[in-house]
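Remarks on the overall topology
Now for the letters of each chain:
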Amino acid sequence: MQFNVSNDTLRIAKSFFPELQAIKDGKNWNVKFNNKITHIPLFDSELVASQIGESFNSEAGTLELFFLWIDAGREQEIIPTRLFDEKFYLARNPDVQKSNMWAFDHFLLFGAEENRLPNSKTPDCAPEQVIEMRYQDATLSESDLGFLKSIIGFFKRQDVKLAIQQGDSREILTKLPEDENVLLLFNANVYRKSIASQHPELHIPEGKEFLHWIRNGRHLEAAFTPFFSIRHYRNTYSDLQKLSNEGLHQHFLNHGLYENRNGSSVFNAGQYANINRLKNRSSAVLFALKKLQDEGTPIPTRALTINHKSKLEHLAELGQQAELMAERLQSPEIRAQVKKAEAYEPRIDFRPQGRQVLCPQLNHPADDLHSADQLIYNNLAKTRYKALMLIPHCRMSGAARVSGALAHVLAKHFGDENICIVTTDGTAFEHPEWFPENVDILDLHKYTAHLDRDFKIQALVLLLRGVNAQHIYNVNSRLGWETIHSYGKQLSTLCSINSYMFCSDRTESGQRTGYPQEFFTSTFFYHEHFFVDNLQLKKELVQDHLLTKKFADKIVVLNTPTSQQISVAAEPGWKLSKLWNRKKRVFWAGRFDRQKNFNLLVEIAKNMPDIEFWVWGKPVLDSAPKDISEIKNIKLLGEYGDFSELPLESCHVWLYTSLWDGTPTIILDVATAGIPVVASPTGGIPELLDGFPEFLVSETDLLNPNAYISRIRSLVDNSDGAFERAHELQSRVTQLHDAVAFGEAIIETINLGA
């Protein structure tokens, strides 16, 4: 690389490159560089580039910038290093002030070789050839000796301590680099790279790194080990924030190292000391480095496991990158942008998760979340869906049936390929026949069951965002509700959110509880619509929250469509006389739990010994009565797969005893089959049985077995009239709970949202 320069430019250039060869070319000189130069001592190219002005081409190399600075930068008196203190230099050298010569030019041409100080703390800010000469016979200043005396307790060798006490500079420089603690803690490569990164204008003679640190580095933020960072130490410990860089070095080497304070972000000294049961004031850092050196024992850090000394340099780089990134992220500009972004991007608002590694190979929850996210992504049939339906699982339940009906509507509207059913709270999928045949089904629970609650929520948010879903439908998914509660504000800016609610649960004291009480208020404004299967629940929500019509219209009552079941009452050739010569039978199906009021069934059966009670179900949340096997007229028949499989031709009356409910799909099935029913007055059942008082127990008799017994007896004794009324109910239910009307109501909510 060749340059044509003036006499003055050549003179300045030779102060940096004494052996620079030049050939006369008229009034100027031609100078040639055989090798590409990227680093010039006493010249900080980034600093110069930031100050040089519009004439600087940002793509120019270091040498082009160097000669541009000589020709133009010097005219603007741009000092190419942060370590030259012009005021200090002039105050200390009155002769320079009198000469009217630019202070930096004087230092460059004369002052450096005359050992004049460029600043009050780092004497070795000078051209390369000056530093090389200086370090051939370097000594320690009074300030350097004072510093070594202040940290004398750190050193292990007694002869080193004696030399420091006596102020014997040559003895110190001979023996100090061989001190055991210096050899363990001070890493020459880490220090050299740190200086090159922070102060590229400083030159360090080969093999003189520790001496350079004593003379200069103790005043800077340059790292000499990955286990100590000036920035981290100052920011972490409020009691040390006012100390200078030299003061922080003194504190760490005298106290922090032995108090097991965390000297950097990559190593938890206190935790390591506890795990290894170190004695009081035993340094975890020195202990770990000693074990690595002598036994090859790996050092666990927050970034990587150190199993060889060569990895310490990489660890230091990672620590420095993390600190710079943390500082950048905490800058006012970034924080302002993040605050704006929180309203639109759910992942922005994730709470920080602290990472603490106790021992090598220990997994961190954040790693588990990443792995789960990758598994979910890899097992998705597609990467884009228009609608996602969140369900807890698919078992024999009314909510699962509703999910299937909703899925059919969405698949018809958006297309099978654009719908994904996501199971969030369990892996069971017992009734795929309820859902469209070609929709995708993702078992999210399979990949997230091992995660903590917060990470499960994050995994679901990543999925919702990742597939770019335009519509979310939550049907009884606990994880879905928790996710909407935590991140509904952000998600609602990206897609429409719709959730199903069926009923409020009841505590043993009778108070309402469940999803409507837990999530309705906190998620209301994030939802496009709330779907309910009965008018009673909508009335409760409107009254409880004093909703105006505008807000009440968010709650949409959807009549769950009936399934195509066997119709007993409408069966051609059906003869009611077939029942007369048989034992009278009452059917009951459900969980043997408090909600379904199984104990009431037992009481009714005990008081009707002439009636057989055929029972399907099992205990789920509660245990069945112990004496149930002693009741001869109760026949336990286990679980059934589908309503159409039941021996409906043997049923005189269907009994339903639930304490709370929505509109139970089992009652819809019974009504569609044309079977007489005796039901409790809960949830949407009174709406369904409106006009059929013989089938409905009054609210005041909800817990009274005699009220149920009298209605059962009346229906059994008059089966002819009972089945005629059941046929009328069949017509009513078929009309009100039509699948086409259900689908049209869903599509209308989609169009309203659009």
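All figures in this text were calculated on a predicted structure; none of them were measured in a lab.

1. Quick look at the side chain of Lys538
Tracing the chain through its elements places Lys538 in helix α26 (residues 535-545). The charged side chain of Lys538 is buried without a salt bridge, its nearest counter-charge being Asp553 at 4.8 Å. A distance of 3.0 Å separates a polar side-chain atom of Lys538 from the backbone oxygen of Ile555.

2. Topic: the pairing of strand β16 (residues 612-616)
By the criterion of burial, β16 is predominantly enclosed, with four of the five residues buried. Where strand β15 (residues 585-589) lies against β16, five bridges are found, and the strand directions are parallel. Opposite Ala589, over in β16, you have Trp616 as the bridge partner. For the segment spanning β15, helix α29 (residues 598-606) and β16, crossover handedness is right-handed.

3. Concerning the domain arrangement of the protein
Assigned domains within the protein: domain 1 (2-132), domain 2 (179-327), domain 3 (368-557) and domain 4 (573-737). Using C-alpha coordinates to define each centre, domain 3 is positioned 31 Å away from domain 4. Contact with domain 3, which involves 16 residues of that partner, is made by 13 residues of domain 4. Around 1,100 Å² of area is buried between domain 3 and domain 4 when both sides are counted, 49% of it from carbon and sulfur atoms. Between the two partners, domain 3 and domain 4, sit one salt bridge. For Arg401, the salt bridge identified is with Asp669, shortest N-O distance 2.8 Å. Taken together, the links from domain 3 to domain 4 amount to seven residue pairs in polar contact (both at pLDDT 80 or more). Contributions of two or more residues to the side of domain 3 that touches domain 4 are made by α21 (398-414), β11 (505-506) and α26.

4. Some details on the pattern of salt bridges
Counted under the stated rule, the structure contains 42 salt bridges. Two residues, Arg231 and Glu221, come together in a salt bridge whose shortest N-O distance is 2.9 Å. With Arg231 in helix α14 (residues 230-236) and Glu221 in the loop between α13 (209-215) and α14, this pair connects stretches of sequence that are 10 residues apart. Take Arg231: its relative accessible area is 25%, and that puts it in the partly exposed class. By relative accessible area, which is 27% here, Glu221 ends up partly exposed. Asp553 is the partner of Lys549 in a salt bridge, and the nearest nitrogen-oxygen pair spans 2.9 Å. Overall, Lys549 belongs to the exposed group, its relative accessible area being 63%. The class of Asp553 is partly exposed, set by a relative accessible area of 41%. Through salt bridges with shared partners, a single network forms among Arg453, Asp454, Arg478, Glu482 and Glu518.

What counts and what doesn't
Every chain is numbered independently, its residues counted from 1 as its sequence is written. In keeping with the predicted nature of the model, local features appear solely for residues at pLDDT of at least 70, side-chain atom pairs appear and are counted solely at 80 or more, and the whole-chain, interface and lining totals rest on all residues. Just so you know, side-chain values use all the structure's heavy atoms and leave hydrogens and water out. A helix here means a DSSP run of H or I that spans at least four residues, while a strand means a run of E at least two residues long, and both kinds are numbered starting from the N terminus. Only protein chains enter the area calculation, which uses a 1.4 Å probe; residues under 20% of their type maximum are buried, those over 50% are exposed, and those in between are partly exposed. Neither His nor the chain termini are counted; the positive set is Lys and Arg, and the negative set is Asp and Glu. For this analysis, a salt bridge means a side-chain nitrogen from Lys or Arg found within 4 Å of a carboxyl oxygen belonging to Asp or Glu. In protein, a polar contact means a hydrogen-donor-capable atom and an acceptor-capable atom, both N or O and within 3.5 Å, with residues adjacent in sequence counting only if both atoms are side-chain atoms; elsewhere, any N or O pair within 3.5 Å suffices. Pairing between strands requires that DSSP locate at least two bridges from one strand to the other. A crossover gets the label right-handed when its path from the first strand over the helix to the second runs clockwise, viewed with the strands pointing away from the viewer. By convention here, the domain bounds are inherited from an automatic or database domain assignment. Contacts: residue pairs with any heavy atoms within 4.5 Å of one another. Accessible area that two parts lose when put together, evaluated with a 1.4 Å probe and summed over both, is termed the buried area.

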